[in-house]
Amino acid sequence: MDLTSFSDWISAFLLLLALGGCVYGLMAAAMVGRFARRVSPVLPEDAERPSVTILKPLCGMEPNLYSNLESFCRQDYAGRVQIVFGVQKATDPAIETVKRLREAFPALRLDLVIDPSQHGSNRKVSNLINMSADIAHDIVVLADSDMVVKSDYLERIVAELSQPGVTGVTCLYHGVPANRGVFAHLSALAIDVQFAPNVIVGTTLGLANPCFGSTIALTKASLEAVGGFRAFKDDLADDYAIGEALRKLGGEVAIPAFTIGHTCVDTELSGLWKHELRWNRTIRNVDPAGYAGSVVTHAFPLALIAALMPGAGTGALTLAALALACRILLCLRVERAFGLTPHAYWLLPIRDMLSFINFTWSFVSGAVTWKGHDYRVVADGTLIPEHAIGHETGATSV
């Protein structure tokens with residue numbers, strides 16, 4: 001095969017993938033609408049609401065941290081609620097935010113655990129292990145610190161968990177830019193037009209069984225049955241691993257028909273690149289075949305590369321324009337389905353190109369950066385720190 005024939009073959013293959021990506025985008029738009037229209041379960045009005053403990057592992061001061069945490073304090077929920085915050089350093093600036101919340105919500109039980117003990121390579125899970133002793137109620141809701149929710153969040157989560165055959169509940173999320181910068185908006189776009197639709201397609205077709213750190217709701221008995229948080233102390237994808245463990249108890253991990261907000265805080269390209277690379281490598285480790293197959297979702301970059309190859313005709317550019325139009329349509333569908341603020345659509349081609357480059361680079365190595373710490377990810381998804389982790393002792397609960 002000469003060079004020209006090989007180039008033609010590659011171009012045709014890329015265009016075929018891009019065409020498949022256009023079909024995928026239209027299919028995803030239809031499935032998003034169907035997902036959002038599902039009827040959600042509700043608790044009987046006269047039923048007693050079970051008591052709930054919300055776990056909030058914290059690490060440092062984040063943009064919008066107070067407003068994110070405050071949204072969990074402002075729940076229209078008739079049952080008793082305890083929120084446990086956990087940090088691993090007595091000097092962590094997030095402690096001041098917890099103090100402010102205690103002043104603003106004196107009637108709400110807000111507990112703070114300060115414990116430097118490190119139980120494995122996953123620092124968030126180590127924090128959760130340290131917090132576990134303070135769980136006071138039978139329903140436990142774990143939610144990352146960068147999530148923001150509406151006042152009916154807890155009511156809807158508990159309603160889902162109360163359904164027969166459900167051992168856990170997790171939540172889809174949408175992007176909420178924390179600033180007006182372009183990188184925060186690019187981060188939100190990645191969530192709204194790539195991550196969320198891909199999850200909906202995967203679950204609808206039975207190809208994915210996700211569980212997200214945005215929300216993991218379960219009973220205290222189920223947590224103990226899966227071995228507690230200690231069972232996940234070295235997992236990069238601890239949320240996915242918890243979901244798998246809950247399914248092995250014989251039930252499903254339900255995903256309600258609404259999204260909660262994920263605060264996007266990026267102010268520069270390097271930060272955006274690093275955390276998206278961690279996400280991509282996490283997904284690659286969880287489902288390598290599915291992740292490789294998701295190349296078809298990058299229709300616009302694939303068609304554009306084909307258009308730049310020698311001998312490419314105008315058909316490649318036409319297909320690139322079609323791919324971009326399908327992406328805009330999908331974005332509009334997601335915004336309408338979940339009541340989101342419209343995006344800056346001119347960012348979509350930039351977003352798609354950046355995503356494709358990050359997707360490609362994720363195959364190069366297993367290095368990830370997480371909360372300022374560098375790790376290597378081995379084949380089974382276990383985190384190996386670049387430097388030895390010190391084991392400190394001495395815990396306090398305040």
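Cut-off values and rules
- Residues numbered from 1 in each chain as written.
- Predicted model: local features only at pLDDT ≥ 70, side-chain atom pairs only at ≥ 80, totals over all residues.
- Heavy atoms only, no water.
- UniProt positions renumbered as here; feature names shortened; annotations may be inferred.
- Helix = DSSP H or I, 4+ residues; strand = E, 2+ residues; numbered from the N terminus.
- Rg over C-alpha atoms; globule rule 2.2 N^0.38 Å.
- Buried < 20%, exposed > 50% of the residue type's maximum accessible area, 1.4 Å probe, protein only.
- Contact = heavy atoms within 4.5 Å.
- Core = buried A, V, L, I, M, F, W, Y, C linked by side-chain atoms within 4.5 Å.
- Domains from an automatic or database assignment.
- Disulfide = S-S within 2.5 Å.
- Pairing = 2+ DSSP bridges.
- Right-handed = clockwise from strand over helix to strand, strands pointing away.
- Buried area = accessible area lost by both parts, 1.4 Å probe.
- Salt bridge = Lys/Arg side-chain N within 4 Å of Asp/Glu carboxyl O.

Within an unreviewed UniProt entry, the label attached to the chain reads Glucosyltransferase, and the organism entered is Methylobacterium gnaphalii. Its UniProt record gives the chain the following Subcellular location (unreviewed entry) comment, quoted word for word: "Membrane".

Caption draft 1: Representation of the overall build of the chain within the structure. Summing up its helical and strand segments, the chain has 13 helices and 14 strands in all. Its C-alpha atoms give the chain a radius of gyration of 22 Å, near enough to 21 Å, the size a compact globule of 398 residues would have. Considered along the principal axes of its C-alpha atoms, the chain spans approximately 70 × 50 × 45 Å. A buried classification covers 54% of the 398 residues belonging to the chain. In the chain, once contacts between residues fewer than 6 apart in sequence are set aside, the share between residues at least 24 apart is 81%.

Caption draft 2: Layout of the nonpolar core. Membership of the largest hydrophobic core comes to 62 residues, with the highest contact counts inside it found for Phe85, Val141, Tyr153 and Leu172. Per-element tally for this core: the top contributor is helix α6 (residues 182-204), with seven residues. Shared between two domains, this core holds at least three residues of each, these being domain 1 (1-41 + 187-210 + 278-366) and domain 2 (52-186 + 211-270). Beyond its immediate chain neighbours, meaning those up to four positions away, Leu172 contacts Phe35, Phe195, Ala196, Val199, Ile200, Phe212, Ile255, Phe258, Thr259 and Ile260. Counting 22 residues, the second-largest nonpolar core is a separate cluster that includes Val125, Ile129, Ile135 and Val140.

Caption draft 3: Here's a closer look at the state of the cysteines. For the structure on display, the rule yields zero disulfides. Between Cys171, a free cysteine, and Cys211, which holds the nearest cysteine sulfur, the sulfur-to-sulfur gap is 10 Å. Cys22 supplies the cysteine sulfur nearest to Cys326, a cysteine that is in no disulfide, at a spacing of 4.3 Å.

Caption draft 4: Summary view of the pairing of strand β3 (residues 109-114). In terms of residue burial, β3 counts as a mostly covered element, since five of its six residues are buried. Taken together, the six bridges between strand β2 (residues 81-87) and β3 define a ladder with parallel strand orientation. Across the sheet, the residue bridging to Gln82 is Arg109, located in β3. One crossover worth recording links β2 to the parallel β3 by way of helix α3 (residues 94-104), and it is right-handed.

Caption draft 5: Quick look at the sheet that holds strand β5 (residues 147-148). With mixed pairing, the three strands of this open sheet are ordered in space as β5-β10-β7. With partners counted over all chains shown, the strands left at the sheet margins are β5 and β7 (172-177), one partner each.

Caption draft 6: Structural view of the domain arrangement of the chain. What the domain assignment reports for the chain is domain 1 (1-41 + 187-210 + 278-366) and domain 2 (52-186 + 211-270). Computed from C-alpha coordinates alone, the two centres of domain 1 and domain 2 are separated by 29 Å. The interface of domain 1 with domain 2 comprises 28 residues on the first partner and 33 residues on the second. Interface of domain 1 and domain 2: buried area, both sides summed, is about 2,500 Å²; carbon and sulfur atoms make up 70% of it. On the domain 1 side of the interface with domain 2, the three residues burying the most area are Pro41, Ser187 and Pro210, jointly 24% of the side's total. Run the count over domain 1 and domain 2 and you get zero salt bridges. Mapped onto the side of domain 1 that touches domain 2, the elements with two or more residues apiece are α1 (3-36), α6, α9 (269-286) and α13 (348-361). No other element matches the 11 residues that α6 contributes to the side of domain 1 that touches domain 2.

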